[in-house]
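Each chain is listed here by its residues.
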Amino acid sequence: MVAAGAALADEVGLASFTMGLLAERVGVRTPSLYKHVGGQDDLTRRIAVLALNEAADAVGGAIQGYAGRDALAAAARAFRAFVLAHPGRYAATIGMEPTGPDDPLATAGGRLLDSFTAVLRGYDIPEPATDHALRTLRSLCHGFATLQAGNAFQWSADIDESFEWLIGFADRGLRGV
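Residues numbered from 1 in each chain as written. Predicted model: local features only at pLDDT ≥ 70, side-chain atom pairs only at ≥ 80, totals over all residues. Heavy atoms only, no water.

Novice: I'd like a description of the overall build of the protein chain, backed by residues and values.
Specialist: Broken down by element type, the protein chain carries nine helices and zero strands. In sequence order, the secondary structure elements of the protein chain are arranged as α-α-α-α-α-α-α-α-α. In the protein chain, buried positions account for 41% of the 177 residues. A total accessible area of about 9,500 Å² is found for the protein chain, and carbon and sulfur atoms account for 54% of it. (Helix = DSSP H or I, 4+ residues; strand = E, 2+ residues; numbered from the N terminus. Buried < 20%, exposed > 50% of the residue type's maximum accessible area, 1.4 Å probe, protein only. Areas by Shrake-Rupley, 256 points an atom, 1.4 Å probe, with all protein chains shown as cover.)

Structure below.
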C-alpha cells in the first residue's frame, strides 16, 4: 500500500494525493484501505519514511569511495536525482516530525543525515560548526532540487550547469569554514 501511495504521490503531487485516488488506483473501495493504514496522515508518514530510506540509500551508495569535493558532488547529484524522480514522496518528508527516537521516521532521517555527515568528514569542519554545515548543505540541495522539480527555473541558463556551480560554491564554502 505504501509503495502504491508513494508512486501515486509522485505522479499527481502530494497536495493532490487522496485516499480515494489511491483506492481507485489499487482497485478497492476507499474503506478497504483502512485495513492497511490508519488514514491519510498515517499513509503520508509511511511514505515519508520510505522516501527518507530511499534517499539515504541513493546518497549513501553514491558517496562510497569518495571524499571531499567528489563526495559532495556525488551526494548532491544523487539527492537531486532522487527528488526529481520522486517529487511527491519527497514532499511527504517536509515538516514531518518524528514522535521519538525509535520512530522509523527518525531512523530513516538519521540515515540520510549520516550520509551527509560522511561527506563533511572530507572537510576540516570544526565540531561546533557541523550542524551549521549540514543545514547549509540541506538548504542548498533541497532548495535547488525542489525548485527544479517545481519547474521554477524558467530562464535560459542550463540547469545542470547551474547545479554544478552550486556544488563548486558549496565546496569552496566548506573549505573556508
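Novice: Go over unusual backbone geometry with me, naming the residues and quoting the values.
Specialist: Here Asn-151, not a glycine, exhibits a phi torsion of approximately 60°, which is positive. Inspection of the secondary structure puts Asn-151 in the loop between helix H8 (130-149) and helix H9 (159-175).

Novice: Tell me about helix H4 (residues 40-63), and please be specific about residues and values.
Specialist: The end-to-end C-alpha distance of H4 is 34 Å, a good match for the 34 Å that 24 residues give at a rise of 1.5 Å each. Note on H4: the residue one or two positions beyond its end, Gly-65, has a positive phi of about 85°. (Expected span 1.5 Å × (residues − 1).)

Novice: Explain the side chain of Ser-115 to me, and be specific about the residues and the numbers.
Specialist: Among the structural elements, Ser-115 can be located in helix H7 (residues 104-120). Once residues within four sequence positions are removed from consideration, Ser-115 is found in contact with Ala-56, Val-59, Gly-60 and Ile-63. (Contact = heavy atoms within 4.5 Å.)

Novice: Run through the nonpolar core, naming residues and quoting values.
Specialist: With 53 residues, the main nonpolar core has Leu-72, Phe-79, Leu-112, Phe-116 and Leu-174 as its most contacted residues. Counting only elements with at least two residues in this core, the list comes to helix H1 (2-12), helix H2 (19-26), H4, helix H5 (68-85), H7, H8 and H9. Setting aside residues no more than four positions away along its own chain, Leu-72 makes contact with Val-119, Tyr-123, Leu-137, Ile-167, Ala-170, Asp-171 and Leu-174. (Core = buried A, V, L, I, M, F, W, Y, C linked by side-chain atoms within 4.5 Å.)

Novice: Any chance you could break down the packing of H5 against H8 for me, citing the residues and the numbers?
Specialist: Here H5 crosses H8 at 35°, and the two axes come no closer than 9 Å. When you trace H5 past H8, the crossing you get is right-handed. On the side of H5, the interface is formed by Leu-72, Ala-76, Phe-79, Arg-80, Val-83 and Leu-84, while H8 contributes Leu-137, Cys-141, His-142, Phe-144, Ala-145, Thr-146, Gln-148 and Ala-149. The residue inventory of the contact of H5 with H8, partitioned by class, reads 10 nonpolar, three polar and one charged. (Axes fitted to C-alpha atoms, helices over the stretch in contact; angles between N-to-C directions. Left-handed = near helix turned anticlockwise from the far one by under 90°. Nonpolar A, V, L, I, M, F, W, Y, C, P; charged D, E, K, R; others polar.)

Novice: Quick one: what's the story with the environment of Arg-77, residue by residue and with numbers?
Specialist: Inspection of the secondary structure assignment puts Arg-77 in helix H5. Taking relative accessible area as the criterion, Arg-77 reaches 40% and is therefore assigned partly exposed. In this structure, the C-alpha to C-alpha distance between Arg-77 and Ala-62, residues 15 residues apart in sequence, is 8.6 Å. Beyond its immediate stretch of four places on either side in the chain, Arg-77 contacts Phe-163, Glu-164 and Ile-167.

Novice: Residues and numbers for the side chain of Arg-80, please.
Specialist: Note that Arg-80 resides in helix H5. Only 2.7 Å separates the side chain of Arg-80 from the side chain of Gln-148, close enough to count as a polar contact. When near neighbours in sequence (up to four residues on either side) are disregarded, Arg-80 contacts Phe-144, Ala-145, Gln-148, Ile-159, Asp-160 and Phe-163. (Polar contact = N/O pair within 3.5 Å; in protein donor to acceptor, adjacent residues only side chain to side chain.)

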